[in-house]
Amino acid sequence: MGQKDGRWETYGPEYELENKVYFVRGYTAGSSIDYFDAAKKKIKTVIPRIYGKVSGTYFAFYPNGALKEDGRLDDSVKVGRWREYHELGSGGRLHKEWRYGKDKFDASEPILMVERDSQGKIIYQNNQKFD
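This is a predicted model, so every value here is computed, not measured.

Q: Got a minute to help me understand the overall build of the chain in this structure?
A: Looking only at helices and strands, the chain features zero helices and eleven strands. For the chain, the sequential pattern of α-helices and β-strands runs β-β-β-β-β-β-β-β-β-β-β. Taken over the C-alpha atoms alone, the chain extends approximately 45 × 45 × 25 Å along its principal axes. Within the chain, buried positions represent 24% of all 131 residues. Restricting to contacts in the chain with at least 6 residues of sequence separation, those with at least 24 account for 12%. With 23 positive and 20 negative side-chain charges, the chain shows a spacing of 5 Å between the two charge centroids.

What follows is the structure, given as structure tokens:
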């Protein structure tokens, strides 16, 4: 179905095993999945867990199934780019994009990079350069 499933391995230049991760239906095995309904058909959040730690790509959804928020977690800390999306009537358009620290040890405050209205028009843009 086009999603990762089972064991996925990455190898280095000398063909040595660098990483091995297990997936179930596109999400890392052991991820916490919360649902809106008892039938477990409408996913609310996917909290990634790798080797017992909350690390990987986090997803949150609206009750209609549209993506609400996504970003990366490093040992339960938001890192890198995080995106928030509009819900209804906007076709899942980007609402806000935030920039967090590079890793869990970077204690810098999050920075709002872009904010858009429900029509996709930019209402705020941070022109600051980053590494």
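Q: Just checking my understanding: could you explain the sheet that holds strand β11 (residues 122-125) for this structure?
A: Neighbouring strands of a sheet are bound in pairs by backbone hydrogen bonds; such pairs are parallel or else antiparallel. Pairing is antiparallel in the open sheet, where eight strands are placed in the order β4-β5-β6-β7-β8-β9-β10-β11. Looking along the sheet, the strands with just one partner apiece sit at the ends: β4 (32-35) and β11. Sheet twist, expressed as the average angle between the axes of neighbouring strands with direction ignored, equals 15 degrees. Across four bridges, strand β9 (residues 94-99) lies against strand β10 (residues 111-116) in antiparallel orientation. In the strand pairing of β10, R99 is matched with I111.

Conventions we followed
- Residues numbered from 1 in each chain as written.
- Predicted model: local features only at pLDDT ≥ 70, side-chain atom pairs only at ≥ 80, totals over all residues.
- Heavy atoms only, no water.
- Helix = DSSP H or I, 4+ residues; strand = E, 2+ residues; numbered from the N terminus.
- Buried < 20%, exposed > 50% of the residue type's maximum accessible area, 1.4 Å probe, protein only.
- Contact = heavy atoms within 4.5 Å.
- Lys, Arg positive; Asp, Glu negative; His and termini not counted.
- Charge placed at Lys NZ, Arg CZ, Asp CG, Glu CD.
- Pairing = 2+ DSSP bridges.
- Axes fitted to C-alpha atoms, helices over the stretch in contact; angles between N-to-C directions.

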